[in-house]
Amino acid sequence: MIPHDILTLYSAKMLEYGIAVLFLFLFIPFWRYVQGPAKVPAFATARSRTPVTRAAEWFLTPADRLFHRGHAWIMGGDDGLVTVGLDDFAAKLVGPFSRVSLPAVGASVGQGEQAWRLVAADGRSVDMLSPVDGTVVELNPALAASPALAERDPYGNGWLMKVRPSRLRANRINLLAGRAVHRWMEEAAAGLRGHFAPGLGALAQDGGVPVAGMARAVDPEGWDRLAAALLLTAEEDSDA
Amino acid sequence: MKLNRRTFFKMAGAAGAVALAPTTKAAAATNAEVLDAARRGVLVDTTKCIGCRACEAACAEANTLPGPAMLDDAAVFTKPRKTSTVSFTVVNQAAVATPARFVKRQCMHCVEPACASACLVRALDKTPTGPVVYHKDRCLGCRYCMVACPFDVPKYEYDSALPYVKKCTFCADRQARGEAPACTSVCPSGALTFGMRNELLDAARERLYAKDSPYVRHIFGEDEVGGTSWMYITDIPFEKLGMPAGLGSYAYSSLTQASLAAVPFVLTLWPPLLMGIYTFSKRRNEVGAHGSDAREEADHV
Amino acid sequence: MSSSTTATAAPARSWASDKLFLGLPFWEYLKSLATPGNFLAGLIMAIGVPLIAYRFIFGLGAATNLSQTNPWGIWIGFDMLSGVALAAGGYTLATSVYIFGLEKYHPVVRPAVLTGFLGYLFAVLGLMADLGRPWNLPVPIFFSWGGPSVMFEIAWCVVLYLTVLGMEFLPPVFEWLGWPKARLWAVRMTIGLTVFGVMLSTLHQSSLGGLFLMAPTKLHPLWYSPFIPAYFFISSIAAGLSMVIVESALSHRAFESRIDHKTDINGIALGLARGASIVLFAYFFVKLQGVADGGRWALLATPYGYWFLVEMLGFILLPSMLFAYGARHSHVTLVRWTAAWTVLGIIVNRLNVSVIAMNWNVPDRYFPSVMEVMVSITLVTIGVSTFRWIVNRMPVLNELPEYRDSASH
């Protein structure tokens, strides 16, 4: 070791301790930033042409949310509000949106009732059901500028709105959590596969990525009816 | 055990040996002193050097090297020279106008040489009597010794397809025969004194601290980089002699000791640490899989 | 280089055709080699290999700009130091997957181990070009041991680690050869090899930095620190993670026909980026500590100080932030470019320590000769070509179906 004189050491050591403490203070927020809420979609390349043949693991279902059968989710916050969004299945089903028509701030929403509309580039639209009862308190400002966020990052920056729930405990009975979500998602994907299979020949046993705009890939003419059926907002269907 | 003469002598001998054998501490001290006492060195008194370069010529002859260039030409001193693969020692003129001072440069044969500590095959090897010798057959030519040496002494035969490191050998073979190094034996002015390092230090101090002595009161090489065999005294500032500045008194081998001391710790601690993490993560993955299976059962019901 | 077999009239393909020539008959295989990439590689090697011979015939002085003042050049700074640092993906990924159990990264562990193995192999070959007497390589292993030398420890570690990496790569080799029993034996060693490999990597990654401890008067004080070994070790982790991100991105494009398309390569890149950002963040502060410890603040206002700040801010802190941002917002492209930048930053750091900030205060400075640069490029080219040869034949980027569900590694 190169020897230091004691007088330099006094200030050098205090500085070193200072830098170490500074690092520790900075490390905690940095770690949390890096881990981040945004989780990686199972398959980010949404433009592949291979059809879906494997199910649930292709749609992301974060563990900290509750899901509604209409493919929307809620996540509780500390302030008594819940954040509401659409899930990965709905995002991939409908594909890139040109607009998301959300209810106005202050409007009431009901669980199982039509709440917002996804408008695609070709002008067709699909409605989605609200997962909770309550009052809309805030809309995601980023969506006005960039509706694609809801499709790209449905669980993170693509959240739709914040709602003050009026009957959360009752609503939760109708919401799915944990492993039940996986089962439900598998059934949804199986239902989707049923639409794919007739139109295609022999498929590879493995491989395949969910296509953005899966509904359109299956049925270009009537995809909005297909999507509405899967999202439980078709005309004949009444709410859950 | 029968107490006959043989057993008596045995016991007496054993007791005597125990009594005479020094304690561990004392033994260590004696060991260091023994080492110190064996060291040879050279005292270079630059006030006496006349710049005749007989030392260069003798070195070339003893090592079968081409003779020094410009032997009778004073213009050789206009620029300081460095040693090379074909000249193991050079005499330079100090950067002062008057008086004319000359300094002989060569390998310092450090007490704790950086080059020997750096050499991974002990091609450069320190001998107990002082010379740092080169075993050329071991050398890989990695040139780490050149990076390590604070005096930039080792020179490499870059132009050869079978290159070696070249430097002053302190005439280790002549010393083994009981002779002095070639350079010190031809010095006409007494600038070079070969002898036991301890005694040379004493002699140097006598000169330095004599009344009205002109010398700078520092023996270069007494402590620099842990001490060197070749030591210098002078009456002008040492930087003017061209000696490198900023060399601490720590031996270079101490610089890597902490790093190397960690090796046995890593070898001992890493396996249990890593296997512990492995076991923990394996168990956690298994529990995760089983736990989810259990919950799946519950969902079915 | 996709393997397309035309319907063969002959019964079974020969072993050589199947294993070596991508299932093609020999002449077809040779014809298939005529691609632009191969032409470029061939051109480089046609120039470089004779240069290597020239260096050995006429000596280092004829081929390099090395001098008595500058004994180490880019063959040490780039081929050896940077090569070993960038090959650290082998041990970092093996640890992540096999020790920490992060199965998510399983798809990239084999290419990482292969990159590691080839990286070390070619670092050693670069070293052999640099050594004056490379035929004496067995001496520090078998004959004469310079224990106090850091270089000695490195020599042993590298020899042992090359063996470990080679053995870690045996499972895909045996799968390629179709020897399931041998493969099973090789797979069982994986944990032990990984632990051993991490140990060796810790030692020699740090010791490569430790070499420079012996040059306190020659290395610029901002880079010289008693903590250089820690710097080298920590930065090797970031280097390995970044290199895996870059290599997997290139491989997935270059070998598209071979990869398993189910692999979430983007998710893997983002996960690795998360790790790299944390490591770089810590590395920045560790280096900052070194400056404080030496009391070197005033030096930051010198030309070398500015260059040091460029390294610290541009090549360490900036990529740390970019990785963090990219990982958080799932910007895979940003992550990949940041990884490439980090790889460059590691090379810059290793060159700084060995060549640029070394002998900074001496008039006789070193600059690589054209031949040195060409030889380095040649060695890298041979390494990349070897990587391609292996990946095109062995199950590195994909899994063979018969082994998919076995106790796999």
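Please refer to the structure placed before this passage.
No experiment lies behind these values; they were computed from the predicted model shown.

Next up on the list: the overall build of chain C. Counting its secondary structure elements, chain C contains 17 helices and 0 strands. The C-alpha atoms of chain C give 22 Å as radius of gyration, which agrees with the globular expectation for 409 residues (22 Å, within 12%). Viewed in the frame of its principal axes, chain C has a C-alpha envelope of about 75 × 55 × 40 Å. Sequence-distant contacts in chain C: of pairs separated by 6 or more residues, those separated by 24 or more amount to 79%. Entry remark: accessible area of chain C is about 15,600 Å², with carbon and sulfur atoms responsible for 73%. One finds the centroid of the 24 positive side-chain charges in chain C at a distance of 1 Å from the centroid of its 19 negative side-chain charges.

A word on the pattern of salt bridges. Should the charged atoms of two oppositely charged side chains come close, the side chains can pair. Tallied over the entire structure, the rule returns 22 salt bridges over all chains. The closest approach of N and O atoms between E179(B) and R177(B), which form a salt bridge, is 3.5 Å. One continuous salt-bridge network, built from bridges that share partners, spans K13(A), E16(A) and D293(C).

We now examine the packing of aromatic side chains. In this structure the tally under the stated criterion is 37 aromatic pairs over all chains. Between the aromatic rings of Y156(B) and Y158(B), the centroid separation amounts to 5.4 Å while the plane-to-plane angle is 70 degrees, which identifies the pairing as edge-to-face. You can call Y156(B) buried: its relative accessible area is 1%. Here the guanidinium or amino end of R55(C) rests over the ring plane of F56(C), the centre of that ring lying 4.1 Å away. One residue, R350(C), lies across the ring of F232(C), its end atom 3.9 Å from the ring centre.

This part is about the packing of helix α5 (residues 74–86) of chain C against helix α7 (residues 106–130) of chain C. Residue and element names in this part refer to chain C. Between α5 and α7, the least distance of the axes is 8 Å, while the angle of their chain directions is 160 degrees. In terms of their interaxial angle, α5 and α7 are classed as roughly antiparallel. Relative to α7, the crossing made by α5 is left-handed. For the pair formed by α5 and α7, the contact residues are W75, I76, D79, M80 and V84 on the first element and Y120, A123, G126, L127, A129 and D130 on the second. Here the contact of α5 with α7 is built from residues that sort into 8 nonpolar, 1 polar and 2 charged.

Right, let's get into the interface of chain C and chain B. Facing the 55 residues of chain C at the interface are 52 residues of chain B. At the boundary of chain C with chain B, total buried surface from both sides reaches about 4,600 Å², with 64% on carbon and sulfur atoms. Looking only at chain C, the three residues that lose the most surface to chain B are Q68(C), R133(C) and M214(C), adding up to 18% of its buried area. The interface formed by chain C and chain B holds 2 salt bridges in total. Ionic pairing is found between D152(B) and K218(C), a salt bridge with its closest N-O pair at 2.8 Å. The interface formed by chain C and chain B contains 26 residue pairs in polar contact (both at pLDDT 80 or more). Element by element, the count of residues in the side of chain C that touches chain B is highest for helix α12 (residues 190–210) of chain C, at 7 residues. Looking at side-chain class alone, the side of chain C that touches chain B contains 35 nonpolar, 16 polar and 4 charged residues.

The subject of this paragraph is the sheet that holds strand β1 (residues 40–45) of chain B. All names here are of chain B. Across the sheet, which stays open at both edges, the 3 strands sit in the order β8-β1-β9 with mixed pairing between neighbours. On the outer flanks of this sheet lie β8 (192–196) and β9 (230–233), each paired with one strand and no other. Strand-to-strand, the axes of this sheet are offset by a mean angle of 25 degrees, without reference to chain direction. Note: β1 against β9, 4 bridges, orientation parallel. Pairing of D45 across the sheet is with I233, part of β9.

Attention now goes to the side chain of T64(C). All names here are of chain C. One can find T64 in the loop between α4 (60–63) and α5. Reaching out from T64, the side chain makes a polar contact with the backbone nitrogen of L66 at a distance of 3.3 Å. Ignoring sequence-local partners within four residues, the contact set of T64 consists of W75, S369 and E372.

Take the sheet that holds strand β8 (residues 134–139) of chain A next. All names here are of chain A. Sheet architecture is open: 6 strands sit in the order β1-β2-β3-β9-β8-β5, paired in antiparallel fashion. Strands at the two margins of the open sheet, each flanked by one partner only, are β1 (66–68) and β5 (108–109). Summarising the sheet, strand β2 (residues 72–76) and strand β3 (residues 82–86) pair through 5 bridges and their orientation is antiparallel. Across the sheet, residue I74 finds its bridge partner in β3, namely V84.

Another point: unusual backbone geometry. If a residue is not glycine, its phi is most likely negative; likewise, a peptide bond is most likely trans. All names here are of chain B. Notably, R53 is not glycine yet its phi reads approximately 65 degrees, a positive angle. Counting through the fold element by element, R53 comes out in the loop between β1 and α3 (54–62). Non-glycine residue D212 carries a positive phi angle of around 55 degrees. Assignment of secondary structure puts D212 in the loop between α8 (197–209) and β9. According to the relative accessible area criterion, D212 is exposed, its value standing at 69%.

How each quantity is defined
Residues numbered from 1 in each chain as written. Chains lettered and ligands numbered in written order. Predicted model: local features only at pLDDT ≥ 70, side-chain atom pairs only at ≥ 80, totals over all residues. Heavy atoms only, no water. Helix = DSSP H or I, 4+ residues; strand = E, 2+ residues; numbered from the N terminus. Rg over C-alpha atoms; globule rule 2.2 N^0.38 Å. Contact = heavy atoms within 4.5 Å. Areas by Shrake-Rupley, 256 points an atom, 1.4 Å probe, with all protein chains shown as cover. Lys, Arg positive; Asp, Glu negative; His and termini not counted. Charge placed at Lys NZ, Arg CZ, Asp CG, Glu CD. Salt bridge = Lys/Arg side-chain N within 4 Å of Asp/Glu carboxyl O. Phe/Tyr/Trp six-rings, centres within 6.5 Å; stacked < 30°, edge-to-face > 60°. Buried < 20%, exposed > 50% of the residue type's maximum accessible area, 1.4 Å probe, protein only. Lys NZ or Arg CZ within 6 Å of the ring centre and 35° of its normal. Axes fitted to C-alpha atoms, helices over the stretch in contact; angles between N-to-C directions. Parallel < 35°, antiparallel > 145°, perpendicular 65-115°, else oblique. Left-handed = near helix turned anticlockwise from the far one by under 90°. Nonpolar A, V, L, I, M, F, W, Y, C, P; charged D, E, K, R; others polar. Buried area = accessible area lost by both parts, 1.4 Å probe. Polar contact = N/O pair within 3.5 Å; in protein donor to acceptor, adjacent residues only side chain to side chain. Pairing = 2+ DSSP bridges.

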